[in-house]
Amino acid sequence: MVAGLASTSTVFAAEDTLTVGFSQVGAESDWRTANTESMKSTFSEENGYELIFDDAQQKQENQLTAIRNFIQQEVDYILLAPVTETGWDTVLQEAKDAGIPVIIVDRMVDVSDDSLYTSWIGTDALLEGRKAAEWLNAYATAKEIKPEDLHIVDIQGTIGSTAQIGRTQGLEEGVEKYGWDLLEQQSGEFTQAKGQEVMESMLKKYDNINVVYCENDNEAFGAIDAIEAAGKTVGSDIANGEILVISFDTTNAGLTDTLNGKIACDVECNPLHGPRAEELIKALEAGEEVEKLNYVDEEIFAADDTVASVTAVNSLEEEGEYAVTPIT
Ligand code: GZL
Ligand code: ZN
């Protein structure tokens, strides 16, 4: 807050009101909408905040402009959900020079000096990808499908985003480790429309696809529409010609599709970072040290008849019990 004393244009903000500038990626997916809702309901007026919200429509240059506006307006904190990992050093240096703490939310920034941001809260995209790959291996083993008979297409997220980098790496490690056949990788931009378009083009190009690895639920919804429009069936019975759809986000619609068997496995990615970001701000306001990286634990969901094949996923979790949650 800014309190001018003897100046003519004295500007007072109520002592206990914190002004927070939030630069959001966009509104590309259900996950993103839930994330925005969580942030807005946390940093509300009744909770004692003035929130300045900016939707960047998935363009980094809009995020840079928003952050510079927040600096101009002398906000108390900047929250940044970065669309991609690189290109933030200059603007974060400007925020640092202005003495405004920056908290990164969800995806990560790849900066030369991590003092350019105070803290990060999010989820481990690489672990999510590894869980999905382990699930696929456990599934194929349980169904006695040879690894080279898995013909996979990867509908990637926004290229260069942490979620895409991690989930793609998790799959590629599986391909390497188990000898799967990875036919093609193409970005679906985390949207339903693009996911459908990419799936249509892949179905025209290949007649042997039996696994579709969608890097978020909205891509999966689009891919499922394309698969069904092509007269094929999604499900979890590859041996009888069904196409296995793996997805991420466990949105409500995603879990509904997992429950009804259209999505074979949905890896959780928790969007509710509002309260966690607020905890960090409260600690900072109290002059406490905060962790640099704050990971949120996540689970994996699979339709009941495939759960038996996911025990291998448990081996991934270094610490603590990692539950595979069957949904029945
Ligand atoms: C994941 C997040 C991704 C979601 C998508 O942490 O960055 O962005 O998986 C969203 O749904 O668009
Ligand atoms: Zn995640």
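As the structure is a prediction and not an experimental result, all values here were calculated from the model.

Chemist: Describe the overall build of the protein chain, and please don't skip the residues or the numbers.
Modeler: Broken down by element type, the protein chain carries 11 helices and 13 strands. When the 328 residues of the protein chain are sorted by exposure, 54% land in the buried category. Within the protein chain, contacts between residues at least 6 apart in sequence are counted, and of these 71% link residues at least 24 apart. When the accessible surface of the protein chain is totalled, it reaches about 14,100 Å², and 48% of it is carbon and sulfur.

Chemist: Explain the pattern of salt bridges to me, and be specific about the residues and the numbers.
Modeler: For the structure shown, the criterion picks out 14 salt bridges. Here D249 and R167 are joined by a salt bridge, their closest N and O atoms 3.9 Å apart. You can see D249 sitting in strand 9 (residues 244–249) and its partner R167 sitting in helix 5 (residues 162–178), a full 82 residues away along the chain. By the burial criterion, D249 is buried, and R167 matches it.

Chemist: Break down the packing of helix 1 (residues 30–42) against helix 9 (residues 274–285) for me, citing the residues and quoting the values.
Modeler: Between helix 1 and helix 9, whose axes approach to 8 Å, the crossing angle comes to 45°. For the element pair helix 1 / helix 9, the angle class is oblique. Between helix 1 and helix 9, the residues in contact are S38, M39 and T42 and G274, P275, A277 and E278, respectively. Its residues assigned to classes, the contact of helix 1 with helix 9 comprises three nonpolar, three polar and one charged.

Chemist: How would you explain the confidence of the model for the protein chain if you had to name every residue and give the values?
Modeler: Any region with low pLDDT has predicted coordinates that should not be read closely. Scored by pLDDT, the protein chain comes out at a mean of 90, with 88% of its residues at no less than 70. For the stretch residues 1–11, pLDDT sits under 50, and the model shows 15 contacts to residues farther than four places along the chain or on other chains. Contacts from residues 308–328, a stretch scored under 50 in pLDDT, to residues over four places away or in other chains number 48 contacts. Taken over the whole predicted complex, pTM reads 0.90, whereas the ipTM for its chain interfaces reads 0.94.

Chemist: Tell me about the nonpolar core, and please be specific about residues and values.
Modeler: Counting residues in each nonpolar core, the largest one holds 41 residues, and the members touching the most others are I78, L79 and W88. Of all the secondary structure elements, the ones that give two or more residues to this core are strand 1 (18–24), strand 2 (49–55), helix 2 (60–72), strand 3 (77–80), helix 3 (89–97), strand 4 (102–105), strand 5 (119–122) and helix 9. Looking at this core element by element, the count peaks at five residues for helix 2. The contact partners of I78, leaving out residues within four places of it in the chain, are G21, I67, F70, I71, A95, I100, P101, V102 and I103. In terms of nonpolar packing, the next biggest core, distinct from the first, is built from 23 residues, I145, L171, I300 and A302 among them.

Chemist: Break down empty space enclosed by the protein for me, with residues and values.
Modeler: Here the structure, examined in full by the defined rule, presents one cavity of 30 Å³ or more. Each pocket or cavity is described by its volume, and for the largest cavity that value is around 160 Å³. Mapped onto the lining of the largest cavity, the elements with two or more residues apiece are helix 1, helix 4 (125–142) and helix 5. Tallying contributions element by element places helix 5 first for the lining of the largest cavity, with three residues. When grouped by side-chain class, the residues that make up the lining of the largest cavity number five nonpolar, four polar and eight charged.

Chemist: Tell me about the site of ligand 1, residues and numbers included.
Modeler: Near ligand 1 you find 13 residues, and of these E28, D106, R107, R167 and D249 are the closest. One of the side-chain N or O atoms of E28 is found 2.5 Å from an oxygen atom in ligand 1. Separating an oxygen atom of ligand 1 from a side-chain N or O atom of N216 is a distance of 3.0 Å. Taking 320 Å² as the accessible area of ligand 1 by itself, protein coverage stands at 98%. When atom positions are compared with the pocket grids, ligand 1 is found to occupy the largest cavity. Of all the elements in the fold, those that place two or more residues in the shell around ligand 1 are helix 1 and helix 5. Broken down by class, the residue content of the shell around ligand 1 amounts to four nonpolar, three polar and six charged.

Chemist: Go over the coordination of the zinc ion (ligand 2), please, and point to the residues and values.
Modeler: T123 (OG1), E128 (OE) and C269 (SG) make up the full set of protein donors to the zinc ion (ligand 2), lying at 1.9 to 2.3 Å. Counting residues between consecutive donors of the zinc ion (ligand 2) along the chain gives the motif T-x4-E-x140-C. Pair noted here: T123 is in the loop between strand 5 and helix 4 and C269 is in the loop between strand 10 (265–268) and helix 9, with a separation of 146 residues, a long-range link. Residue T123 shares its accessibility class with C269, and that shared class is buried.

Chemist: Tell me about helix 7 (residues 217–229), and please be specific about residues and values.
Modeler: With 13 residues, helix 7 extends 18 Å from end C-alpha to end C-alpha; this agrees with the ideal 18 Å at 1.5 Å per step. Helix 7 sits mainly inside the fold: 10 of its 13 residues count as buried. Turning to helix 7, its buried residues are D217, N218, E219, A220, F221, G222, A223, I224, A226 and I227. Just beyond helix 7, the residue with positive phi is G231, at close to 80°.

Chemist: Lay out helix 8 (residues 252–259) in plain terms, naming residues and giving numbers.
Modeler: Listed as buried for helix 8 are G254, D257 and T258. Along the axis of helix 8, the buried positions cluster into a sector of 105°, meaning they face one direction only. Residues of helix 8 that are exposed and angled more than 90 degrees away from the buried face: N252 and L259. Phi for G261, located one or two positions after helix 8, is positive at around 85°.

How each quantity is defined
- Residues numbered from 1 in each chain as written.
- Chains lettered and ligands numbered in written order.
- Predicted model: local features only at pLDDT ≥ 70, side-chain atom pairs only at ≥ 80, totals over all residues.
- Heavy atoms only, no water.
- Helix = DSSP H or I, 4+ residues; strand = E, 2+ residues; numbered from the N terminus.
- Buried < 20%, exposed > 50% of the residue type's maximum accessible area, 1.4 Å probe, protein only.
- Contact = heavy atoms within 4.5 Å.
- Areas by Shrake-Rupley, 256 points an atom, 1.4 Å probe, with all protein chains shown as cover.
- Salt bridge = Lys/Arg side-chain N within 4 Å of Asp/Glu carboxyl O.
- Axes fitted to C-alpha atoms, helices over the stretch in contact; angles between N-to-C directions.
- Parallel < 35°, antiparallel > 145°, perpendicular 65-115°, else oblique.
- Nonpolar A, V, L, I, M, F, W, Y, C, P; charged D, E, K, R; others polar.
- pLDDT = per-residue confidence, 0-100.
- Core = buried A, V, L, I, M, F, W, Y, C linked by side-chain atoms within 4.5 Å.
- 1 Å grid on protein atoms, 1.4 Å probe; cavity = no way out; pocket = protein on both sides within 12 Å on 5 of 7 lines; lining within 4 Å.
- Points joined across faces, edges and corners; volume = space filled by probe spheres on them.
- Near = heavy atom within 4 Å.
- Polar contact = N/O pair within 3.5 Å; in protein donor to acceptor, adjacent residues only side chain to side chain.
- Sits in = over half its atoms within 2 Å of the grid points.
- Donors = N, O, S within 2.8 Å, 3.2 Å for Na, K, Ca; no water.
- Expected span 1.5 Å × (residues − 1).
- Arc of directions from axis to C-beta.

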